[in-house]
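Below, each chain spelled out in residue letters.
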Amino acid sequence: MMEVANRLHSVEEYYFSKKLKEVNFLISQGKPIINLGIGSPDLQPPGKVITAIADSFMSANAHKYQSYQGLPELREAIAGFYKNHFQVSVSAATEVLPLMGSKEGIMHISMAFLNKGDAVLIPNPGYPTYTSVTKLLEAEPIFYNLDQENNWCPNIEELEKQDLSKVKIMWLNYPHMPTGAKATKAVFKTLIAFAKKHDILLVNDNPYSFILNQEPLSILSVEGSKDVCLELNSLSKTFNMAGWRVGMLLGNHDLLTAVLKVKSNMDSGMFYGIQKGAIEALNSSKMWFVSLNSIYEKRRKLVWELATKLNCTFDKDASGLFVWAKLPPFFKSEEFIDNLLKNHNIFITPGTIFGSQGEGYVRFSLCATVIELEAAIARV
């Protein structure tokens with residue numbers, strides 16, 4: 001038997017990869033499972049996006065290798081999107097790097113800046129990929145706790161008490177997944193000052209800004225941010241294009257150049273048609289967001305009703321594609337979701353997959369129809 005690389009012993013198969021095998025097995029056995037676990041948008045992209053990719057097929061350039069930096073007009077569209085929606089000015093030529101998905105960008109950034117033995121500040125709870133990528137690169141994850149009392153934002157006083165001498169990167173994710181908490185400019189200013197003080201690269205992962213959020217915010221809108229910050233974004237949630245794998249990285253030219261060195265050795269450019277579709281998406285009018293959020297508002301009210309029937313509590317001011325809910329006292333997250341799956345054929349996500357601070361919480365996805373959500377409510 002061929003021995004796998006040692007680095008694989010530091011990580012496990014992604015939770016949803018494993019759990020969905022169980023869920024799919026139950027479905028194959030005839031169980032009427034309602035899946036409220038995963039955040040894979042079930043709605044369609046804007047119609048003009050589909051038209052753009054279809055129209056692109058006959059272009060002379062459609063099937064060739066593409067630039068590692070993407071089409072100039074895609075970079076212009078990204079820059080325009082940031083100007084229109086975040087009031088952030090970036091150079092399309094030097095401060096924008098299209099990515100084949102922002103999840104891949106987490107690996108690109110980490111490979112560009114981390115050496116073996118470096119340390120990385122990772123939110124707890126937080127997106128599990130930050131941890132797995134860090135471990136795969138033989139760097140050390142240092143978790144910083146987030147809690148409800150501090151609106152799931154970093155506690156700088158607690159961070160300052162830690163040994164930060166080896167820290168190279170700090171991951172942020174606002175609006176926050178899984179909790180839906182929103183950062184403010186004041187929070188970002190404090191974090192930027194902290195990063196400058198300790199020579200840390202601050203990366204904000206920002207794919208949820210436009211889902212049930214009236215005030216989209218980029219960390220790059222804060223003065224001095226480009227000195228120490230990068231921002232990831234994605235079309236997956238904003239435009240229902242998760243399977244298209246279109247992301248973007250914005251920030252300082254020198255930092256992006258380092259990431260490009262990694263990226264250019266790992267892919268051969270994004271498919272031409274997908275880029276053309278992405279351009280159309282980024283140029284969507286604000287009515288797109290109004291229409292999208294009207295659907296999610298209806299779904300969220302039903303999820304709130306479901307969570308209430310399960311004796312959970314939640315923050316109605318949170319944003320994003322999920323409802324983060326606190327369980328009744330003495331309930332454990334994984335036991336709770338397993339019982340719900342077994343007794344009611346409903347799958348939701350245990351908070352513990354996002355870190356130890358997720359114990360006592362569960363996450364409901366809004367990626368289900370009104371009919372499915374009403375059926376879930378009726379079951380409990």
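As the structure is a computational prediction, the values presented were derived from the model and not from experiment. (Residues numbered from 1 in each chain as written. Predicted model: local features only at pLDDT ≥ 70, side-chain atom pairs only at ≥ 80, totals over all residues. Heavy atoms only, no water.)

A few words on the overall build of the chain. When helices and strands are tallied, the chain shows 12 helices and 13 strands. For 380 residues, the compact-globule estimate of 2.2 N^0.38 gives 21 Å, and the C-alpha radius of gyration of the chain, at 21 Å, lies within 12% of that figure. Dimensions of the chain along its principal axes, counting C-alpha atoms only, are 55 × 55 × 55 Å. Among the 380 residues that make up the chain, the fraction classed as buried is 54%. For the chain, contacts bridging at least 24 residues in sequence account for 75% of all contacts bridging at least 6. Carbon and sulfur atoms make up 52% of the accessible area of the chain, which amounts to about 17,300 Å² in all. (Helix = DSSP H or I, 4+ residues; strand = E, 2+ residues; numbered from the N terminus. Rg over C-alpha atoms; globule rule 2.2 N^0.38 Å. Buried < 20%, exposed > 50% of the residue type's maximum accessible area, 1.4 Å probe, protein only. Contact = heavy atoms within 4.5 Å. Areas by Shrake-Rupley, 256 points an atom, 1.4 Å probe, with all protein chains shown as cover.)

Another aspect to go through is the packing of helix H3 (residues 72-86) against helix H9 (residues 272-282). Close contact between H3 and H9 brings their axes to 9 Å; oriented N to C, the two are set at 20 degrees. Judged by the inter-axis angle, H3 sits roughly parallel to H9. Two packed elements cross with a definite hand, and for H3 against H9 that hand is left-handed. Each of Glu 73, Leu 74, Ala 77, Ile 78 and Phe 81 in H3 lies in contact with H9, whose residues at this interface are Gln 275, Lys 276, Ala 278, Ile 279 and Leu 282. Here the contact of H3 with H9 is composed, by residue class, of seven nonpolar, one polar and two charged. (Axes fitted to C-alpha atoms, helices over the stretch in contact; angles between N-to-C directions. Parallel < 35°, antiparallel > 145°, perpendicular 65-115°, else oblique. Left-handed = near helix turned anticlockwise from the far one by under 90°. Nonpolar A, V, L, I, M, F, W, Y, C, P; charged D, E, K, R; others polar.)

Here we take up the sheet that holds strand S4 (residues 140-145). Judged by pairing direction, the sheet is mixed, and its seven strands sit side by side in the order S2-S8-S7-S6-S5-S3-S4 without closing on themselves. Since the sheet does not close on itself, it has two edges, and those belong to strand S2 (96-99) and S4, each with one partner. When strand polarity is set aside, the average angle formed by the axes of neighbouring strands in this sheet is 25 degrees. Direction of pairing for strand S6 (residues 201-205) relative to strand S7 (residues 229-234): parallel, over a ladder of four bridges. (Pairing = 2+ DSSP bridges.)

What the four strands build is an open sheet, ordered S9-S10-S13-S12; its pairing is antiparallel. The open sheet has two edge strands with one neighbour each: strand S9 (313-314) and strand S12 (349-350). In this sheet, strand S13 (residues 361-365) lies alongside strand S10 (residues 322-326) in antiparallel orientation, the contact comprising five bridges. Opposite Phe 322, over in S13, you have Ser 365 as the bridge partner.

Along helix H12 (residues 370-379), the positions that sit buried rather than exposed are Leu 373, Ala 376 and Ile 377. One face of H12 carries all of its buried residues, which in axial projection span an arc of 100 degrees. Facing away from the buried side of H12, by more than 90 degrees, are the exposed residues Ile 371 and Ala 378. In this structure, the buried residues of H12 make contact with strand S1 (34-35), helix H10 (286-309) and strand S11 (346-347). (Arc of directions from axis to C-beta.)

Attention now moves to helix H5 (residues 128-136). The complete set of buried residues in H5 reads Pro 128, Thr 129, Tyr 130, Thr 131, Val 133 and Thr 134. Taken together, the buried residues of H5 touch helix H4 (102-113), strand S3 (119-124), S4, strand S5 (167-172) and S6.

Another point: the environment of Leu 306. One can find Leu 306 in helix H10. Given the relative accessible area of 1%, Leu 306 is considered buried. For Leu 306 and Leu 217, which are 89 residues apart along the polypeptide, the C-alpha to C-alpha distance reads 30 Å. Excluding residues that lie within four positions of it along the chain, Leu 306 makes contacts with Leu 36, Phe 364, Ala 376, Ile 377 and Val 380.

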